[in-house]
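Structural description and commentary
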Amino acid sequence: MPHAPAAGKHRLPTAEEMEAIGLVPLISPYMRNALTEMPDRLRSVFDVHGLTPRHGAVLPQLIAEQPLAVGELARRMGLSLSTVSELVSALNKAGLVERREDPGNRRRMLVRIDGRYQALVESFIARRSAPLLRALDSLTPDERAGFIAGLAAWAREARPPASGR
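A few points on the structure.

**Some points on the packing of aromatic side chains**
Applying the stated criterion across every chain, the model contains zero aromatic pairs. In this structure, Arg-41 packs its charged tip against the face of Tyr-117, placed 4.5 Å from the ring centre. Sitting above the plane of the Tyr-30 ring, Arg-128 keeps its charged end 3.9 Å from the centroid.

**Quick notes on the packing of helix α6 (residues 70-77) against helix α7 (residues 81-93)**
Viewed as axis vectors pointing N to C, α6 and α7 meet at an angle of 110°, and their least axial separation amounts to 9 Å. Considering the angle they form, α6 stands roughly perpendicular to α7. Between α6 and α7 the crossing geometry is right-handed. Taking contact as the criterion, the partners of Val-70, Gly-71, Leu-73, Ala-74 and Met-77 in α6 are, on α7, Leu-81, Val-84, Ser-85 and Val-88. Of the residues belonging to the contact of α6 with α7, the class tally is seven nonpolar, two polar and no charged.

**With respect to the nonpolar core**
Val-58, Leu-62, Leu-73, Val-84 and Leu-96 are the most contacted members of the largest nonpolar core, which has 27 residues in total. Elements supplying a minimum of two residues to this core: α3 (40-49), α5 (58-64), α6, α7, β3 (105-113) and α8 (118-137). Among all residues touching Leu-73, those that are not within four sequence positions of it are Val-58, Gln-61, Leu-62, Leu-68, Val-84, Val-88 and Val-111.

How each quantity is defined
- In this numbering scheme, every chain counts its residues from 1 along its sequence in written order.
- Given that the model is predicted, a residue must reach a pLDDT of at least 70 before its local features are reported, and side-chain atom pairs must reach 80 or more before they are shown or counted; all residues, however, enter totals for whole chains, interfaces and linings.
- Values shown for side chains rest on all heavy atoms present in the structure; no hydrogens or waters enter the calculation.
- Paired rings are identified among Phe, Tyr and Trp, the last through its six-membered ring, by centres lying within 6.5 Å, and are further divided according to the angle between planes into stacked (under 30 degrees), edge-to-face (over 60) and tilted (the rest).
- Should the NZ of a Lys or the CZ of an Arg lie within 6 Å of a ring centre and within 35 degrees of the ring normal, that charge is described as sitting over the ring.
- The convention used is that axes are lines fitted to C-alpha atoms, helices contributing only their stretch in contact, and that angles between N-to-C directions extend from 0 to 180 degrees.
- For the purposes of this entry, the term helix denotes a DSSP run of H or I that reaches at least four residues, the term strand denotes a run of E that reaches at least two, and both are numbered from the N terminus.
- Every angle not falling under 35 degrees, over 145, or within 65 to 115 is termed oblique; those three ranges are roughly parallel, roughly antiparallel and roughly perpendicular.
- For a crossing to be left-handed, the near helix must be turned anticlockwise from the far one by less than a right angle; the clockwise case is right-handed.
- When checking whether two residues touch, look at their non-hydrogen atoms; a contact exists if any pair is within 4.5 Å.
- Residue polarity is assigned by list, with Asp, Glu, Lys and Arg as charged and Ala, Val, Leu, Ile, Met, Phe, Trp, Tyr, Cys and Pro as nonpolar; anything else, Gly included, falls into the polar class.
- Each nonpolar core is a collection of buried residues, namely Ala, Val, Leu, Ile, Met, Phe, Trp, Tyr and Cys, held together in the definition by side-chain atoms within 4.5 Å.
- Each residue gets one of three labels from its accessible area relative to the maximum for its type: buried under 20%, exposed over 50%, partly exposed in between, using a 1.4 Å probe on protein chains only.

Quick look at the structure:
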């Protein structure tokens, strides 16, 4: 890493990096509006069960492919198996997802969106992801790969430290 600071020290961003940093506040209203744009029925489930954006991050993964093993969800989300298991458990208690044993491997748990919420979740995710999809569509394949890699790296770095550290 060419810009890695010494342990325990922070560094000032370069002019090029400052350009990226300056764009973040322009995206923050979009991020804050997720709950207010959520359909009432779905928001009610989130409110009643104390679900957070971290719980909501599981749902797009399940729209893309269902059912998914908890371990595969953890890999795709870059989270620990125990964290994703807790998220899925809360979503299951809220009735948003169903869990069942994998008939091919009884040690694996498969997860899918509950049929009562499938269309609602799909509609919400399609509406919320439209700006990002338009942005991705405007990029070349190399730019797109770089953008996704950058977002993934930022998500890893922005993640709160694991408890017990």
